[in-house]
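# An overview of the molecular structure
Chain by chain, the residues run as shown.
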Amino acid sequence: MPSPFLEIVELANGKVALRRSDEEAEPLVIIEFSADAREYLQGHHIEVAKAMISAGMQVAGQVMEDGEPHDENRILH
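Residues numbered from 1 in each chain as written. Predicted model: local features only at pLDDT ≥ 70, side-chain atom pairs only at ≥ 80, totals over all residues. Heavy atoms only, no water.

What follows concerns the pattern of salt bridges. This model, assessed by the stated rule, comprises 3 salt bridges. Of the charged contacts in the structure, one is a salt bridge between lysine 15 and glutamate 32, with a shortest N-O distance of 3.8 Å. One end of the pair, lysine 15, is in the loop between strand S1 (6-10) and strand S2 (16-20); the other, glutamate 32, is in the loop between strand S3 (29-31) and helix H1 (35-41), and 17 residues separate them in sequence. Looking at glutamate 32, the relative accessible area reads 59%, which means it is exposed. (Salt bridge = Lys/Arg side-chain N within 4 Å of Asp/Glu carboxyl O. Helix = DSSP H or I, 4+ residues; strand = E, 2+ residues; numbered from the N terminus. Buried < 20%, exposed > 50% of the residue type's maximum accessible area, 1.4 Å probe, protein only.)

Attention shifts here to the pairing of S2. The two faces of the sheet receive side chains in turn, since in a regular strand these alternate between them. Most of S2 is tucked away: 4 of the 5 residues are buried. Adjacent in sequence and paired antiparallel, S1 and S2 are bridged by 5 residues, among which glycine 14 carries a positive phi angle near 90 degrees. Across 3 bridges, the pairing between S2 and S3 is antiparallel. Bridging across to S3, valine 16 finds its partner in isoleucine 31. (Pairing = 2+ DSSP bridges.)

This next bit is on the side chain of arginine 19. The topology assignment puts arginine 19 in strand S2. Those residues within four positions of arginine 19 in sequence are excluded, and the remaining contacts are Phe5, Leu6, Glu7, Val9, Glu24, Pro27 and Leu28. (Contact = heavy atoms within 4.5 Å.)

Moving on, we get to a nonpolar patch on the surface. Together, Leu6, Leu28, Val29 and Met57 make up a nonpolar patch on the protein surface, roughly 320 Å² of accessible area in all. Mapped onto the secondary structure, leucine 6 falls in strand S1. (Patch = residues over 30% accessible without salt bridge, like charges linked within 9 Å, V, L, I, M, F, W, Y side chains within 5 Å. Areas by Shrake-Rupley, 256 points an atom, 1.4 Å probe, with all protein chains shown as cover.)

Right, let's get into the side chain of histidine 45. Inspection of the secondary structure assignment puts histidine 45 in helix H2 (residues 45-66). A polar contact of 3.3 Å, which involves the side chain of histidine 45, links it to the side chain of glutamate 10. Other than its neighbours up to four places away in sequence, histidine 45 contacts Glu10, Val16, Phe33 and Arg38. (Polar contact = N/O pair within 3.5 Å; in protein donor to acceptor, adjacent residues only side chain to side chain.)

Now the structure itself:
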């Protein structure tokens, strides 16, 4: 059974990943910042990635609770 615990890690290639804490399997989510974005964030890209993952998990929880159907033709803003 997969671990219920998740961790946010910085991978060797500089990407930030969300993965199960007890597995070395493929991460659940990967965030990659461009060189320009990393420069703009002045080394704070990990904090930004944590906020992005946190917001995404909150929305995922709301969607799961609401049972909202997935629409393939949604416009992303």
